[in-house]
Amino acid sequence: MTDAPRRRTSLFARRSWGETRRISAILRKETVGGALLLVAALLALLWSNSPWADGYRALRDLTVGPASLHLDLTLGTWAADGLLAIFFFVAGLELKREFVAGDLRDPRRAAVPVAAAVGGVVVPAVLFVLVAGVDGARGWAIPTATDIAFALAVLAVVGRLLPSALRTFLLTLAVVDDLLAIVIIAVFYTSSLAVPPLLAALVPLALFAVLVQRRVRSWWLLLPLAAVTWTLVHASGVHATVAGVLLAFTVPVLRSEAAGGPDAGPGLAEHFEHRFRPISAGVAVPIFAFLSAGVTVGGLAGLATALTDRVAAGIVVGLVVGKPVGILAATWLVSRSTRANLDEGLNWFDVLGLALLGGIGFTVSLLIGELAFGLGSVRDGHVKVAVLTGSLLSALLATVILRARTRAYRRVHEIETVDEDHDGVPDVFEPEPDR
């Protein structure tokens, strides 16, 4: 008797309806945040290239904070070290949830976005070093990060009918990308390390972990511990945003058995994510963009000077060529090694469109540029021009690809919205009887 043939694995298959709905809610918040980010960056560029540019620089370089704690920092540094810690806290929560309760807990599903994220880091880094040379090699990680808020803002305009599986892939890829970015920052951009403050940070971090494991939500207990952890990590020389990820990883994803177990509703990680994602997307990241994106271009001549710098050219090549090549190649290799097909209605042009969106680097790219070359330096100005140029080119190319596939996306969208039994769950998401 011959065994029935196995169904081949499908890339970008639909998730459950509950997970799809949760991801859609996250994407809506990030899309709004992306619009605010774009407005903030545009205001910074206009102000820094106006007759009042000195006022912008004075605001960015204004020093505030207690000197006794070595926290007398400029507003630009407070945005990069403090506000982005909130951004990475939210990213850490989402990443942990994906690996504990999401699809990344399944190695087969995790393989594609994880491989794509790794490919999207390695290839642009290699291309950057080849173009920038030894002199600019310290900035090798600048073109490796995807800005999910910026990418989703573009997607909201040109790909609003994009199938749910592709949107989920883009978000998951960006979450893994964020984890790789924070590891890179911690390992390669820590110029000096003071061990005693770093060890001391473990005390408030452990107390925070004990409280959240007991499902304590009292802000007056948790926020001071988080602030002390951040301060000590900052004092150690490790970039302070690392504290945000460490704090996030201590938060439980699932409900305790005493509280009803995993089926009783969202856990503490999801609760914190609902609270802090609007702050991250709507406040922290736009303020960072406003204080970091301002660069005096100097007209067409200044733009040409900036883009002919080998570091700037390496960034543009890394974002526009390296990111999509790395993501697309890694995804193709996974499909070949697992003999997986693309899901019905999709083809490799769709993957190319998403890979080009992955070349939109902004928040973390600007942060790494500041760490590599110094905030306000000449080369940092070239980095900002290159990041903006590369991101704009990636967005335009992605628009062309995704717009060309609108008719196919509309057909998939119609399938994903049919609910003939009116139970609130589209029929295509309901489990098959034999599953």
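Residues numbered from 1 in each chain as written. Predicted model: local features only at pLDDT ≥ 70, side-chain atom pairs only at ≥ 80, totals over all residues. Heavy atoms only, no water.

### Some remarks on the environment of valine 238
Along the chain, valine 238 turns up in the loop between helix H8 (219-236) and helix H9 (241-249). Here the alpha-carbon distance between valine 238 and alanine 281, two residues 43 residues apart in the chain, equals 24 Å. Not counting chain neighbours up to four residues away, the residues in contact with valine 238 comprise Thr190, Leu193, Leu198 and Val233. (Helix = DSSP H or I, 4+ residues; strand = E, 2+ residues; numbered from the N terminus. Contact = heavy atoms within 4.5 Å.)

### What about the packing of helix H3 (residues 75-100) against helix H10 (residues 268-292)?
Interhelical geometry of H3 versus H10 gives an angle of 150° and a closest axis separation of 8 Å. The handedness of the crossing between H3 and H10 is left-handed. Partitioning the contact of H3 with H10 into residue classes produces 19 nonpolar, 2 polar and 5 charged. (Axes fitted to C-alpha atoms, helices over the stretch in contact; angles between N-to-C directions. Left-handed = near helix turned anticlockwise from the far one by under 90°. Nonpolar A, V, L, I, M, F, W, Y, C, P; charged D, E, K, R; others polar.)

### A look at the environment of proline 286
Relative to the helices and strands, proline 286 is located in helix H10. Of the residues examined, proline 286 reaches a relative accessible area of 8% and is grouped as buried. Sequence spacing of proline 286 and threonine 31 is 255 residues, and the spatial spacing of their C-alpha atoms is 12 Å. If sequence neighbours within four positions are ignored, proline 286 has contacts with Leu36, Leu37, Ala40, Ser280 and Ala281. (Buried < 20%, exposed > 50% of the residue type's maximum accessible area, 1.4 Å probe, protein only.)

### Focus: the packing of helix H11 (residues 299-307) against helix H15 (residues 378-404)
For the pair H11 and H15, the least separation of the axes is 9 Å and the interaxial angle reads 95°. As the angle between them shows, H11 and H15 are arranged roughly perpendicular. Contacts between H11 and H15 pair Leu303, Ala306 and Leu307 from the former with His382, Val385, Ala386 and Thr389 from the latter. Considered class by class, the residues forming the contact of H11 with H15 number 5 nonpolar, 2 polar and no charged. (Parallel < 35°, antiparallel > 145°, perpendicular 65-115°, else oblique.)

### Re H9
Among the 9 residues of H9, 7 are classified as buried, and the element is accordingly described as predominantly covered. Among the residues of H9, those classed as buried are Thr241, Val242, Ala243, Gly244, Val245, Leu247 and Ala248. Residues of H9 that are buried make contact with H3, helix H6 (164-188), helix H7 (195-213) and H8.

### Points about the side chain of histidine 382
In this structure, histidine 382 sits in helix H15. Those residues in contact with histidine 382 that lie beyond four places of it in its chain are Ala306, Asp309 and Ala312.

### Concerning the packing of aromatic side chains
Throughout the structure, instances matching the rule amount to 9 aromatic pairs. When the centroid spacing of 5.5 Å and the interplanar angle of 75° are considered together, the rings of phenylalanine 89 and phenylalanine 276 count as edge-to-face. A residue pair is termed long-range when its members are at least 10 positions apart, and phenylalanine 89 in helix H3 and phenylalanine 276 in helix H10 qualify at 187 residues. The class for phenylalanine 89 is buried, based on a relative accessible area of 10%. An aromatic cluster of at least three residues, connected via ring pairs, comprises Trp47, Tyr56 and Phe290. Cation over ring: arginine 379 sits above phenylalanine 373, and NZ or CZ is 5.7 Å from the ring centre. (Phe/Tyr/Trp six-rings, centres within 6.5 Å; stacked < 30°, edge-to-face > 60°. Lys NZ or Arg CZ within 6 Å of the ring centre and 35° of its normal.)

### Focus on a nonpolar patch on the surface
A surface patch of nonpolar side chains, amounting to about 440 Å² of accessible area, comprises Leu193, Val195, Leu198, Leu199 and Leu202. With respect to the helices and strands, leucine 202 occurs in helix H7. By relative accessible area, which is 48% here, leucine 202 ends up partly exposed. (Patch = residues over 30% accessible without salt bridge, like charges linked within 9 Å, V, L, I, M, F, W, Y side chains within 5 Å. Areas by Shrake-Rupley, 256 points an atom, 1.4 Å probe, with all protein chains shown as cover. Salt bridge = Lys/Arg side-chain N within 4 Å of Asp/Glu carboxyl O.)

### Section: unusual backbone geometry
Backbone geometry places histidine 70, a non-glycine residue, at a positive phi of 60°. By the element assignment, histidine 70 lies in the loop between strand S2 (63-64) and strand S3 (73-74). In the Ramachandran plot, arginine 215 falls in the positive-phi region, its phi being about 65° despite a non-glycine side chain. Mapping arginine 215 onto the fold places it in the loop between H7 and H8. Taking the relative accessible area as the measure of exposure, arginine 215 reaches 29% and is therefore partly exposed.

### A few points about the confidence of the model for the chain
Within the chain, residue pLDDT values average 85, and 93% of them lie at 70 or more. Predicted confidence for residues 1-8 stays below pLDDT 50, and this span has 4 contacts to residues more than four positions away or in other chains. (pLDDT = per-residue confidence, 0-100.)

### Quick look at the nonpolar core
Ranked by internal contacts, the top residues of the largest apolar core, which has 99 residues, are Phe12, Ile315, Leu357, Phe362 and Val364. Of all the elements, H6 adds the most residues to this core, at 13 residues. Apart from residues no more than four positions distant in its own chain, phenylalanine 12 is found in contact with Val112, Ala165, Leu166, Phe169, Thr331, Leu342, Asp343, Leu346 and Val351. Core analysis: the second largest hydrophobic core is formed by 17 residues, Ala226, Ala248, Leu268 and Phe272 among them. (Core = buried A, V, L, I, M, F, W, Y, C linked by side-chain atoms within 4.5 Å.)

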